[in-house]
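# Structure assessment
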Amino acid sequence: MGHFQNIARRGAAFLSALLTQDCALCAAPSGPRFLCEPCTRDLPCSDDVCPQCANPSPGGQVCGSCLTQSPHYDATTALWRYEFPLDRLIVALKYGERLAFAAYFGQTMATTVVGRKVDLVVPMPLHPDRLRERGFNQAVEISRSVSRLLGIPQRTDALIRVRDTASQAELPLAERTRNMRDAFLCLSDLKDLSVALVDDVMTSGATLNEAARALKRAGAAHVENWIVARTVLKE
(Lines give C-alpha, C1' and ligand atoms only; values in the text may rest on other atoms or scores of the structure.)
Protein backbone atom coordinates (compact mmCIF):
# COMPACT_ATOMS: atom_id res chain seq x y z
CA MET A 1 0.00 0.00 0.00
CA GLY A 2 2.90 2.33 0.70
CA HIS A 3 4.21 1.85 -2.84
CA PHE A 4 0.75 2.65 -4.22
CA GLN A 5 0.52 5.85 -2.18
CA ASN A 6 4.02 6.86 -3.23
CA ILE A 7 3.09 6.47 -6.91
CA ALA A 8 -0.06 8.52 -6.39
CA ARG A 9 1.86 11.31 -4.64
CA ARG A 10 4.59 11.44 -7.28
CA GLY A 11 2.03 11.37 -10.07
CA ALA A 12 -0.06 14.13 -8.49
CA ALA A 13 3.01 16.31 -8.05
CA PHE A 14 3.99 15.76 -11.68
CA LEU A 15 0.51 16.56 -12.96
CA SER A 16 0.07 19.65 -10.79
CA ALA A 17 3.26 21.05 -12.28
CA LEU A 18 1.87 20.56 -15.80
CA LEU A 19 -1.80 21.34 -15.58
CA THR A 20 -4.01 24.29 -14.76
CA GLN A 21 -6.40 24.20 -11.83
CA ASP A 22 -9.42 23.61 -14.07
CA CYS A 23 -11.04 20.25 -14.79
CA ALA A 24 -9.95 18.97 -18.21
CA LEU A 25 -13.52 17.97 -19.04
CA CYS A 26 -15.86 20.60 -17.64
CA ALA A 27 -13.42 23.44 -16.81
CA ALA A 28 -14.75 23.73 -13.26
CA PRO A 29 -12.16 24.43 -10.54
CA SER A 30 -10.52 21.11 -9.61
CA GLY A 31 -7.65 22.18 -7.36
CA PRO A 32 -4.55 20.08 -8.07
CA ARG A 33 -6.58 17.31 -9.70
CA PHE A 34 -6.70 16.68 -13.43
CA LEU A 35 -10.48 16.11 -13.26
CA CYS A 36 -13.00 17.39 -10.76
CA GLU A 37 -14.71 14.82 -8.53
CA PRO A 38 -18.01 14.70 -10.50
CA CYS A 39 -16.21 14.17 -13.81
CA THR A 40 -13.98 11.51 -12.27
CA ARG A 41 -17.09 9.65 -11.10
CA ASP A 42 -18.58 9.93 -14.60
CA LEU A 43 -15.72 8.06 -16.27
CA PRO A 44 -17.11 4.74 -17.59
CA CYS A 45 -15.55 1.95 -15.55
CA SER A 46 -16.13 -1.74 -16.24
CA ASP A 47 -16.78 -4.57 -13.82
CA ASP A 48 -16.96 -8.27 -14.61
CA VAL A 49 -14.68 -8.38 -17.62
CA CYS A 50 -12.75 -11.24 -19.19
CA PRO A 51 -9.25 -11.22 -17.65
CA GLN A 52 -7.71 -12.02 -21.04
CA CYS A 53 -9.43 -9.57 -23.42
CA ALA A 54 -11.25 -7.19 -21.01
CA ASN A 55 -14.57 -7.52 -22.82
CA PRO A 56 -17.60 -7.89 -20.49
CA SER A 57 -17.94 -11.41 -19.13
CA PRO A 58 -20.32 -12.67 -16.40
CA GLY A 59 -18.52 -13.08 -13.12
CA GLY A 60 -15.23 -11.91 -14.61
CA GLN A 61 -14.60 -15.33 -16.15
CA VAL A 62 -12.61 -15.98 -19.32
CA CYS A 63 -15.06 -15.25 -22.13
CA GLY A 64 -16.23 -17.70 -24.77
CA SER A 65 -14.23 -16.02 -27.53
CA CYS A 66 -10.95 -16.39 -25.64
CA LEU A 67 -11.77 -19.98 -24.71
CA THR A 68 -12.55 -20.81 -28.34
CA GLN A 69 -9.49 -19.10 -29.80
CA SER A 70 -7.01 -17.91 -27.21
CA PRO A 71 -5.19 -14.71 -28.26
CA HIS A 72 -1.42 -14.40 -28.19
CA TYR A 73 -1.58 -11.98 -25.25
CA ASP A 74 -2.17 -13.46 -21.80
CA ALA A 75 -4.12 -10.73 -20.02
CA THR A 76 -5.59 -7.26 -20.48
CA THR A 77 -6.10 -4.43 -18.03
CA ALA A 78 -8.28 -1.59 -19.33
CA LEU A 79 -8.83 1.44 -17.11
CA TRP A 80 -12.15 2.48 -18.62
CA ARG A 81 -14.66 1.76 -21.38
CA TYR A 82 -14.22 3.81 -24.54
CA GLU A 83 -17.35 5.89 -24.08
CA PHE A 84 -18.32 9.48 -23.34
CA PRO A 85 -16.81 11.43 -21.66
CA LEU A 86 -13.53 9.46 -21.57
CA ASP A 87 -13.41 9.35 -25.38
CA ARG A 88 -13.09 13.16 -25.43
CA LEU A 89 -9.86 12.98 -23.43
CA ILE A 90 -8.33 10.36 -25.71
CA VAL A 91 -9.24 12.27 -28.87
CA ALA A 92 -7.77 15.45 -27.36
CA LEU A 93 -4.50 13.63 -26.65
CA LYS A 94 -4.31 11.76 -29.94
CA TYR A 95 -5.38 14.47 -32.36
CA GLY A 96 -5.17 17.66 -30.32
CA GLU A 97 -1.65 17.11 -28.99
CA ARG A 98 -2.77 17.54 -25.38
CA LEU A 99 0.25 15.65 -24.11
CA ALA A 100 -0.47 16.46 -20.47
CA PHE A 101 -3.41 14.06 -20.75
CA ALA A 102 -0.90 11.23 -21.24
CA ALA A 103 0.52 11.95 -17.77
CA TYR A 104 -2.94 11.50 -16.23
CA PHE A 105 -3.50 8.24 -18.08
CA GLY A 106 -0.03 7.04 -17.12
CA GLN A 107 -0.50 7.86 -13.44
CA THR A 108 -3.87 6.12 -13.31
CA MET A 109 -2.47 3.11 -15.12
CA ALA A 110 0.50 2.91 -12.75
CA THR A 111 -1.71 2.92 -9.67
CA THR A 112 -3.92 0.24 -11.25
CA VAL A 113 -1.19 -2.23 -12.21
CA VAL A 114 1.24 -1.61 -9.33
CA GLY A 115 2.69 -4.89 -8.11
CA ARG A 116 2.50 -6.70 -11.44
CA LYS A 117 5.59 -8.78 -12.19
CA VAL A 118 6.62 -7.21 -15.48
CA ASP A 119 10.17 -6.85 -16.83
CA LEU A 120 9.56 -4.34 -19.64
CA VAL A 121 7.01 -1.74 -20.67
CA VAL A 122 6.66 -1.62 -24.46
CA PRO A 123 4.50 1.06 -26.11
CA MET A 124 2.52 0.18 -29.21
CA PRO A 125 4.63 1.53 -32.10
CA LEU A 126 3.47 3.67 -35.00
CA HIS A 127 4.74 3.18 -38.52
CA PRO A 128 7.45 5.80 -39.25
CA ASP A 129 5.22 7.48 -41.87
CA ARG A 130 2.37 7.80 -39.36
CA LEU A 131 4.75 9.04 -36.67
CA ARG A 132 6.10 11.77 -38.96
CA GLU A 133 2.55 12.79 -39.81
CA ARG A 134 1.36 12.97 -36.18
CA GLY A 135 4.60 14.14 -34.61
CA PHE A 136 4.37 11.93 -31.54
CA ASN A 137 3.19 8.52 -30.39
CA GLN A 138 0.54 8.72 -27.66
CA ALA A 139 1.39 5.19 -26.45
CA VAL A 140 5.01 6.24 -25.87
CA GLU A 141 3.88 9.28 -23.87
CA ILE A 142 1.56 7.18 -21.68
CA SER A 143 4.10 4.38 -21.13
CA ARG A 144 6.81 6.90 -20.26
CA SER A 145 4.81 7.95 -17.19
CA VAL A 146 4.07 4.32 -16.28
CA SER A 147 7.74 3.39 -16.58
CA ARG A 148 8.88 6.34 -14.46
CA LEU A 149 6.32 5.82 -11.71
CA LEU A 150 6.75 2.04 -11.43
CA GLY A 151 10.49 1.90 -12.09
CA ILE A 152 10.03 -0.60 -14.93
CA PRO A 153 12.25 -0.06 -18.01
CA GLN A 154 10.52 1.29 -21.09
CA ARG A 155 11.71 -0.16 -24.41
CA THR A 156 10.56 1.91 -27.38
CA ASP A 157 12.87 -0.08 -29.68
CA ALA A 158 11.68 -3.56 -28.73
CA LEU A 159 8.83 -3.58 -31.24
CA ILE A 160 8.73 -1.90 -34.63
CA ARG A 161 5.89 -1.48 -37.09
CA VAL A 162 7.02 -2.61 -40.51
CA ARG A 163 3.74 -2.27 -42.42
CA ASP A 164 1.73 0.94 -42.71
CA THR A 165 -1.65 -0.76 -42.57
CA ALA A 166 -5.02 0.72 -43.34
CA SER A 167 -6.71 2.32 -40.35
CA GLN A 168 -8.42 -0.33 -38.26
CA ALA A 169 -11.28 2.05 -37.48
CA GLU A 170 -12.21 2.10 -41.17
CA LEU A 171 -12.46 -1.69 -41.50
CA PRO A 172 -15.18 -4.18 -40.51
CA LEU A 173 -14.24 -6.25 -37.46
CA ALA A 174 -13.91 -9.39 -39.59
CA GLU A 175 -11.14 -7.83 -41.72
CA ARG A 176 -9.01 -6.37 -38.94
CA THR A 177 -7.01 -9.49 -38.15
CA ARG A 178 -6.00 -9.93 -41.80
CA ASN A 179 -5.13 -6.24 -42.04
CA MET A 180 -2.63 -6.52 -39.16
CA ARG A 181 -0.93 -9.74 -40.27
CA ASP A 182 2.89 -9.41 -40.02
CA ALA A 183 2.62 -5.68 -39.23
CA PHE A 184 5.18 -5.88 -36.39
CA LEU A 185 8.72 -7.09 -35.94
CA CYS A 186 10.73 -7.63 -32.79
CA LEU A 187 14.50 -7.94 -33.21
CA SER A 188 15.29 -7.89 -29.47
CA ASP A 189 15.99 -10.99 -27.41
CA LEU A 190 13.09 -11.18 -24.97
CA LYS A 191 13.72 -14.75 -23.82
CA ASP A 192 11.66 -15.57 -20.71
CA LEU A 193 10.72 -11.93 -20.12
CA SER A 194 7.32 -10.64 -19.06
CA VAL A 195 6.20 -7.69 -21.19
CA ALA A 196 3.45 -5.09 -20.78
CA LEU A 197 2.12 -3.66 -24.04
CA VAL A 198 0.80 -0.13 -23.54
CA ASP A 199 -1.77 1.49 -25.84
CA ASP A 200 -4.59 4.00 -25.66
CA VAL A 201 -7.60 2.15 -27.12
CA MET A 202 -8.40 -1.53 -27.66
CA THR A 203 -11.28 -2.30 -30.03
CA SER A 204 -11.20 -5.73 -31.68
CA GLY A 205 -7.82 -6.57 -30.14
CA ALA A 206 -6.36 -7.50 -33.54
CA THR A 207 -3.51 -4.96 -33.35
CA LEU A 208 -2.52 -5.96 -29.84
CA ASN A 209 -2.80 -9.64 -30.72
CA GLU A 210 -0.41 -9.29 -33.66
CA ALA A 211 2.01 -7.24 -31.55
CA ALA A 212 1.92 -9.89 -28.83
CA ARG A 213 2.60 -12.56 -31.45
CA ALA A 214 5.76 -10.70 -32.54
CA LEU A 215 6.93 -10.32 -28.93
CA LYS A 216 6.43 -14.02 -28.21
CA ARG A 217 8.27 -14.96 -31.38
CA ALA A 218 11.20 -13.03 -29.85
CA GLY A 219 11.01 -15.20 -26.73
CA ALA A 220 8.67 -13.30 -24.40
CA ALA A 221 7.14 -15.71 -21.90
CA HIS A 222 4.20 -13.50 -20.95
CA VAL A 223 2.56 -10.52 -22.66
CA GLU A 224 -0.21 -8.48 -21.11
CA ASN A 225 -1.98 -5.38 -22.39
CA TRP A 226 -2.21 -2.19 -20.33
CA ILE A 227 -4.88 -0.13 -22.05
CA VAL A 228 -6.49 3.22 -21.28
CA ALA A 229 -9.88 2.35 -22.76
CA ARG A 230 -11.65 -0.72 -24.11
CA THR A 231 -14.38 -0.52 -26.74
CA VAL A 232 -17.15 -2.88 -25.67
CA LEU A 233 -17.84 -5.36 -28.45
CA LYS A 234 -21.40 -6.53 -28.88
CA GLU A 235 -22.24 -10.11 -29.72
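To start, this report covers the structure provided alongside it. Just so it is clear, the model here is predicted, and its values are computed rather than measured.

### Side note on the sheet that holds strand β6 (residues 222–230)
- With parallel pairing, four strands are arranged side by side in an open sheet as β1-β6-β5-β2. Bordering the open sheet on either side are β1 (75–81) and β2 (120–123), each of which pairs with just one other strand. Put simply, the sheet's adjacent strands are angled 20 degrees from each other on average, direction ignored.
- Sheet topology places β1 next to β6; six bridges connect them, and they run parallel.

### Quick word on helix α7 (residues 138–150)
- Counted at 1.5 Å a residue, the expected span for α7 with its 13 residues is 18 Å, and the 19 Å between its end C-alpha atoms agrees.
- Taking burial as the measure, the 13 residues of α7 include eleven buried ones, the bulk of the element.
- All of the buried residues along α7 are Gln138, Ala139, Val140, Glu141, Ile142, Ser143, Ser145, Val146, Ser147, Leu149 and Leu150.
- Between the side-chain oxygen of the N-cap and the backbone nitrogen of Ala139 there are 2.9 Å, and the N-cap of α7 in question is Asn137.
- The positive-phi residue at the C-terminal boundary of α7 is Gly151, with phi of around 70 degrees.

### Overview of helix α4 (residues 86–96)
- When α4 is considered as a whole, its buried residues turn out to be Leu86, Leu89, Ile90, Ala92, Leu93 and Lys94.
- If you follow the buried residues of α4, they end up packed against β1, α5 (100–113), α6 (128–134), α7, β5 (194–202) and β6.
- With its phi angle positive at about 60 degrees, Glu97 sits one or two positions after the end of α4.

Parameters and conventions
- Residues numbered from 1 in each chain as written.
- Predicted model: local features only at pLDDT ≥ 70, side-chain atom pairs only at ≥ 80, totals over all residues.
- Heavy atoms only, no water.
- Pairing = 2+ DSSP bridges.
- Helix = DSSP H or I, 4+ residues; strand = E, 2+ residues; numbered from the N terminus.
- Axes fitted to C-alpha atoms, helices over the stretch in contact; angles between N-to-C directions.
- Expected span 1.5 Å × (residues − 1).
- Buried < 20%, exposed > 50% of the residue type's maximum accessible area, 1.4 Å probe, protein only.
- Polar contact = N/O pair within 3.5 Å; in protein donor to acceptor, adjacent residues only side chain to side chain.
- Contact = heavy atoms within 4.5 Å.

The analysis is restricted to geometry; functional conclusions fall outside its scope.
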